[in-house]
Amino acid sequence: MLSTDLSGTISTPDVKLNMASDGGRDPYATTFLRQRGYGWLLEVEEDDGEESKPLLEELDIDLKDIYYKIRCVLMPMPSLGFNRQVVRDNPDFWGPLAVVLLFSMISIYGQFRVVSWIITIWIFGSLTIFLLARVLGGEVSYGQVLGVIGYSLLPLIVITPLLVVMGGFEVVSTLVKLFGVFWAAYSAASLLVGDEFKTKKPLLIYPIFLLYIYFLSLYTGV
């Protein structure tokens, strides 16, 4: 009889089970979704490491800077050593706006409908000073004028308690008003009226003085 040698080896396919792929997901479902263009459903967004900024920083409000500018306006004498040019060279919006609103509240005695009028006088009065300064050859921006005019209302706010106390003394009250107007006008003019105006300084100082006289007139009733 013929014997047939049936010895040999049978090759088996190399099958690997990827049971732990895609973070424990079903590999067949993962393959199915990716083949049909839905792989984005399996993507996991990484957490953003950036922390949310504080509200004051988001609004660009620097309380220390505002406080320093307030001191520069209230104490305009050069001998005190304050760097007063920071009020002009580094203008901000929120500080002057707060000063104008405070002056509005003091001036109108609760008549909130007139707050918008005082803010309008601040905005357009500053615009007038800015245009005049540019015509006269000054190198200032509208933002700088707006900030200086707003901050320089602080002397008028300071004298209001004195006017309440001395309201019965007409002469003293008038002197206090004049002192407040000169104080405010000097604070603003010393920052806005530079050496570039030369002999034209009175042409800019005078309208600044008139603007603060008008602001003070609003205190007695708008």
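Quick notes on the rules
- Residues numbered from 1 in each chain as written.
- Predicted model: local features only at pLDDT ≥ 70, side-chain atom pairs only at ≥ 80, totals over all residues.
- Heavy atoms only, no water.
- Phe/Tyr/Trp six-rings, centres within 6.5 Å; stacked < 30°, edge-to-face > 60°.
- Helix = DSSP H or I, 4+ residues; strand = E, 2+ residues; numbered from the N terminus.
- UniProt positions renumbered as here; feature names shortened; annotations may be inferred.
- Buried < 20%, exposed > 50% of the residue type's maximum accessible area, 1.4 Å probe, protein only.
- Expected span 1.5 Å × (residues − 1).
- Arc of directions from axis to C-beta.

This part takes up the packing of aromatic side chains. Throughout the structure, instances matching the rule amount to 7 aromatic pairs. Both rings, one in Phe 93 and one in Trp 94, keep their centres 5.5 Å apart while their planes meet at 75°; by these two values the pair is edge-to-face. Ring centres of Phe 130 and Tyr 142 lie 5.9 Å apart, and the angle between their planes is 65°; on these two criteria the pair is classed as edge-to-face. With Phe 130 in helix 6 (residues 115-135) and Tyr 142 in helix 7 (residues 142-151), the pair connects residues that are 12 residues apart, well separated along the chain.

It is worth spelling out the UniProt feature "transmembrane region" (unreviewed entry) in the protein at this point. UniProt records the feature "transmembrane region" (unreviewed entry) at residues 93-110, 116-136, 148-169, 175-194 and 203-221, using the numbering of this structure. Taken end to end, residues 116-136 has its terminal C-alpha atoms 30 Å apart, with 95% of it in helix and 0% in strand.

Looking now at the environment of Met 77. One can find Met 77 in the loop between helix 3 (63-74) and helix 4 (85-89). According to the relative accessible area criterion, Met 77 is partly exposed, its value standing at 41%. Between the alpha carbons of Met 77 and Ser 187 there is a distance of 9.0 Å; along the sequence they are 110 residues apart.

Moving on to helix 3. For helix 3, which comprises 12 residues, the first-to-last C-alpha distance of 17 Å matches the rise-based estimate of 16 Å (1.5 Å per residue) to within 8%. Those residues of helix 3 that fall on the buried side of the exposure criterion are Asp 65, Ile 66, Lys 69, Cys 72 and Val 73. Taken around the axis of helix 3, the buried residues stretch over an arc of 120°, which confines them to a single face. Looking at helix 3, the residues exposed on the side facing more than 90 degrees away from the buried face are Leu 63, Lys 64 and Tyr 67.

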